[in-house]
Amino acid sequence: MAITPTEKIWFNGELIPWGDAKIHILTHTLHYGTGVFEGIRAYETDDGPGIFRLTDHMRRLHQSAQIMGMELPYSVAELVQAAKDTVASTGLDACYVRPIAYYGYGEMGLNTIPCSVDVAIACWPWGAYLGDDAATKGVRMKISSWTRHDHNTMPPLSKTTGNYVNSSLAKVEALKAGYDEAIMLNPDGLVSECTGENIFAARRGLLITPPISAGALPGITQDSVMTIARDHGFEIRVDDLSRSDLYVAEEMFVCGTAAEVSAVNSVDHRAIPCPGPMTKTIASKYAKAVRGQIDKYKDWCEHV
Ligand SMILES: Cc1ncc(COP(=O)(O)O)c(C=O)c1O
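Model, not experiment: these values are computed from the prediction.

Cut-off values and rules
Residues numbered from 1 in each chain as written. Predicted model: local features only at pLDDT ≥ 70, side-chain atom pairs only at ≥ 80, totals over all residues. Heavy atoms only, no water. 1 Å grid on protein atoms, 1.4 Å probe; cavity = no way out; pocket = protein on both sides within 12 Å on 5 of 7 lines; lining within 4 Å. Points joined across faces, edges and corners; volume = space filled by probe spheres on them. Helix = DSSP H or I, 4+ residues; strand = E, 2+ residues; numbered from the N terminus. Nonpolar A, V, L, I, M, F, W, Y, C, P; charged D, E, K, R; others polar. Salt bridge = Lys/Arg side-chain N within 4 Å of Asp/Glu carboxyl O. Buried < 20%, exposed > 50% of the residue type's maximum accessible area, 1.4 Å probe, protein only.

Just checking my understanding: could you explain the layout of surface pockets for this structure?
Any empty space left between the atoms is revealed when a probe the size of a water molecule rolls over them. In this model, the largest pocket occupies a volume close to 1200 Å³. Taken together, 48 residues line the largest pocket, and the ones lying closest to its centre are Phe37, Glu38, Tyr96, Arg98 and Trp124. Listed by contribution, the elements that provide at least two residues to the lining of the largest pocket are strand S1 (8-11), helix H1 (28-32), strand S6 (95-103), strand S7 (117-124), helix H4 (164-176), strand S10 (191-194), helix H5 (220-232) and strand S14 (251-256). Tallying contributions element by element places H4 first for the lining of the largest pocket, with five residues. Partitioning the lining of the largest pocket into residue classes produces 26 nonpolar, 14 polar and eight charged. The computed volume of the second largest pocket comes to approximately 370 Å³. Lining the second largest pocket are 26 residues, and of these Tyr43, Ala128, Glu260, Ala287 and Arg291 sit closest to its centre.

See below:
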């Protein structure tokens with residue numbers, strides 16, 4: 001999806017013109033994939049742009065850095081304010097927000113200890129990640145031939161840039177084979193998540209999503225969806241899912257900041273009822289919650 005430039009990018013504490021946010025070719029993270037990042041959305045609300053669960057995203061950025069042994073030079077509160085300033089500088093009502101912290105220019109080699117840490121936050125308008133029809137018509141999923149890395153290979157709990165080589169291989173494989181998205185199995189053969197989304201499958205009326213131990217990122221959308229679903233009276237369980245569980249699921253959806261709640265209509269050409277009744281309810285409530293239209297969840301929208 002092409003990037004539409006906006007006015008400013010927050011770069012190490014300052015808002016600078018979009019076109020000036022450049023880095024040196026010998027930037028450490030470009031070579032070794034050692035950065036950490038977040039993906040956040042701001043939505044149009046009656047009270048102006050609201051950045052969805054911004055503080056939780058910045059906390060996760062700090063956790064990603066902590067796992068990588070990277071010291072972030074800005075606190076969660078400072079990063080929250082920086083993201084708000086960046087969104088405000090665009091004048092946009094809704095946009096995608098991308099904070100990244102990375103080892104900068106000055107050192108080479110795999111030792112990150114002497115490297116400086118640079119931080120940037122950019123935002124731009126971004127549409128539906130899995131297509132405009134994803135919530136209603138659903139997406140076609142493929143079980144990837146690539147295995148999700150396990151906890152002792154790459155830390156799946158950290159949104160580390162290098163982790164996404166695995167996701168990117170799976171995504172491109174799925175697209176080239178005519179699917180919309182890939183489902184990743186972990187080294188034990190159990191369902192982990194998708195390339196940039198968590199997954200929920202219904203079995204015997206129960207919505208099941210795989211645990212962190214299966215290699216899933218603790219998704220902020222996943223957490224929001226579980227709250228919405230439980231408040232509505234749906235039964236949710238965090239538990240392992242096998243490939244066969246997916247093939248016979250009564251309904252299924254994937255969720256993430258970029259993809260929001262996207263229904264699944266098939267896995268490896270096995271049709272899944274789509275959109276299922278729980279998926280429909282959850283997608284509709286989530287779409288309202290992110291826009292500040294449900295009182296109970298209004299605190300999730302952090303206004304600029
Ligand atoms: C691998 C992976 N899983 C799940 C998610 C969903 O997380 P969130 O809902 O916090 O965007 C993402 C997106 O950040 C992701 O990259």
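Now, onward.
Teacher, can you tell me more about the pattern of salt bridges here?
Oppositely charged side chains can form a pair if their charged atoms are brought close together. Tallied over the full model, the rule gives 14 salt bridges. Between Asp56 and Arg53 there is a salt bridge, with its nearest N and O atoms 2.9 Å apart. Residues joined in a network through salt bridges with shared partners are Arg53, Asp56, Arg59 and Asp223.

So what exactly am I meant to see when it comes to unusual backbone geometry here?
Most peptide bonds adopt trans geometry, and most residues besides glycine take a negative phi value. Looking along the chain, the bond that leaves Cys274 and enters Pro275 is cis, with omega of -10 degrees. Along the polypeptide, Pro275 turns up in the loop between strand S16 (270-271) and helix H7 (277-289). With phi around 50 degrees, Arg204 is a residue other than glycine that occupies positive phi space. Assessed through its relative accessible area of 69%, Arg204 is described here as exposed. For Glu260, which is not glycine, the phi dihedral falls at a positive 55 degrees. With respect to the element layout, Glu260 can be found in strand S15 (residues 260-267). Assessed through its relative accessible area of 18%, Glu260 is described here as buried.

Distances and angles like these do not, on their own, reveal function.
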